[in-house]
Amino acid sequence: MALNGVILQMVQSRTNCGGALLVCGDDTASDGRPSRHRQFGGLGKPAPVLFGLMSIALFSSLGLPGLNGFVGEFLIFRGVFPLAWVAATVSILGLLVTAAVILTVIQKVFTGPVPEHCAGFPDLHHNERMALIR
């Protein structure tokens, strides 16, 4: 059961990470300097579709029930707990750290006041929406 969960988790993880990287792109500018990604904030207002799709992708990576990441994580823990319950219990700390990081990203990037340089931030175009939905 755990092995099936691991395989399923690998497939869904690549799907979620691919979608997130498609939206976020590279974190450095062409000259090697950090990009403006670290200066984002409040993007939920000018780009609500981006906010919604990224939230789904991030919560799916977390393994929220009802999304594609849940089944793999459930199978992994269901199969591992009888074999190595101590290691499985310790690995739950990884889930807690992941939840903290994902919620911090959502808070810093999508909520709060919109900075001046982000006021004209465009929402996803039709082609970008279709690429992420697929």
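Everything in this summary refers to the structure shown in the same document. Every chain's residues receive numbers from 1 upward, in the order its sequence appears when written. Note on the predicted model: pLDDT of at least 70 is required for a residue's local features to be given, and 80 or more for side-chain atom pairs to be given and counted; whole-chain, interface and lining totals, by contrast, use all residues. Remark: hydrogens and water are excluded; side-chain values derive from all non-hydrogen atoms of the structure.

## Here we look at the environment of Gly63
Take Gly63: it is sitting in the loop between helix 2 (48-62) and helix 3 (68-80). A C-alpha to C-alpha distance of 10.0 Å links Gly63 and Thr98, two positions 35 residues apart in sequence. A run of DSSP states H or I qualifies as a helix once it reaches four residues; a run of E qualifies as a strand once it reaches two. Both are numbered from the N-terminal end.

## Observations regarding helix 4 (residues 85-110)
A helix's residues, less one, multiplied by 1.5 Å, set its expected span. Between its first and last C-alpha, helix 4 extends 37 Å over 26 residues, near the 38 Å set by a 1.5 Å rise per residue. Every buried residue belonging to helix 4 is among Ala88, Ala99, Ile102, Ile106 and Phe110, and all of these are buried. Two residues qualify as a contact provided that any one of their heavy atoms is within 4.5 Å of a heavy atom in the partner residue. As for helix 4, its buried residues are in contact with helix 2 and helix 3. Immediately beyond the C-terminal end of helix 4, within one or two residues, lies Gly112, with a positive phi of roughly 90°. Burial classes: relative accessible area under 20% of the type maximum marks a residue as buried, over 50% as exposed, and values in between as partly exposed (1.4 Å probe, protein chains only).

## Notes on the packing of helix 3 against helix 4
Convention adopted: a line fitted to C-alpha atoms gives each axis, helices being fitted over their contacting stretch, and angles between N-to-C directions are expressed from 0 to 180 degrees. It is at 9 Å that the axes of helix 3 and helix 4 come closest, and there the two elements cross at 150°. Here helix 3 is positioned roughly antiparallel relative to helix 4, judged by the angle of their axes. Packed against helix 3, whose contacting residues are Glu73, Phe77 and Val80, the element helix 4 presents Trp85, Ala88, Ser91, Ile92 and Leu95 at the interface. Across the contact of helix 3 with helix 4, the residue classes tally to six nonpolar, one polar and one charged. Should an angle lie under 35 degrees it is considered roughly parallel, over 145 roughly antiparallel, and from 65 to 115 roughly perpendicular; all remaining angles are considered oblique. Three categories are distinguished: nonpolar for Ala, Val, Leu, Ile, Met, Phe, Trp, Tyr, Cys and Pro, charged for Asp, Glu, Lys and Arg, and polar for the others, with Gly belonging to the last.

## A word on the packing of helix 2 against helix 4
Viewed as axis vectors pointing N to C, helix 2 and helix 4 meet at an angle of 170°, and their least axial separation amounts to 10 Å. Regarding the angle of helix 2 to helix 4, the classification is roughly antiparallel. The residues of helix 4 that touch helix 2, namely those facing Leu50, Phe51, Met54, Ser55, Leu58, Phe59, Ser61 and Leu62, are Leu95, Thr98, Ala99, Ile102, Leu103, Val105, Ile106 and Phe110. Here the contact of helix 2 with helix 4 is composed, by residue class, of 13 nonpolar, three polar and no charged.

## A few points about the environment of Ile102
Locating Ile102 in the fold gives a position in helix 4. The buried category is assigned to Ile102, whose relative accessible area is 7%. Expressed as a C-alpha distance, the spacing of Ile102 and Ser61, which sit 41 residues apart in the sequence, is 8.9 Å. Excluding residues within four positions of it along the chain, Ile102 makes contact with Leu58, Ser61 and Leu62.

## Some points on the side chain of Gln12
Inspection of the secondary structure puts Gln12 in helix 1 (residues 2-24). Judged by relative accessible area, Gln12 falls into the buried class, the value being 5%. What qualifies as a polar contact is a pair of N or O atoms within 3.5 Å, subject to a donor-acceptor requirement within protein and to the restriction that residues adjacent in sequence count only when both atoms come from side chains. At 3.4 Å, the side chain of Gln12 forms a polar contact with the side chain of Gln9. Contacts of Gln12, omitting those with residues within four sequence positions, involve Ser60, Asn68 and Gly69.

## Observations regarding a nonpolar patch on the surface
Taken together, the side chains of Phe81, Trp85, Val86, Val90, Ile92, Leu93 and Leu96 present a nonpolar region at the surface, about 690 Å² in accessible area. Here Leu93 is to be found in helix 4. Patches were defined on residues exceeding 30% relative accessible area and lacking a salt bridge, with like-charge contacts within 9 Å and nonpolar side-chain contacts (Val, Leu, Ile, Met, Phe, Trp, Tyr) within 5 Å. Per-residue and other accessible areas follow the Shrake-Rupley method at a 1.4 Å probe size, with only the shown protein chains counted as cover for residues. In the sections that follow, a salt bridge refers to a side-chain nitrogen of Lys or Arg positioned within 4 Å of a carboxyl oxygen of Asp or Glu.

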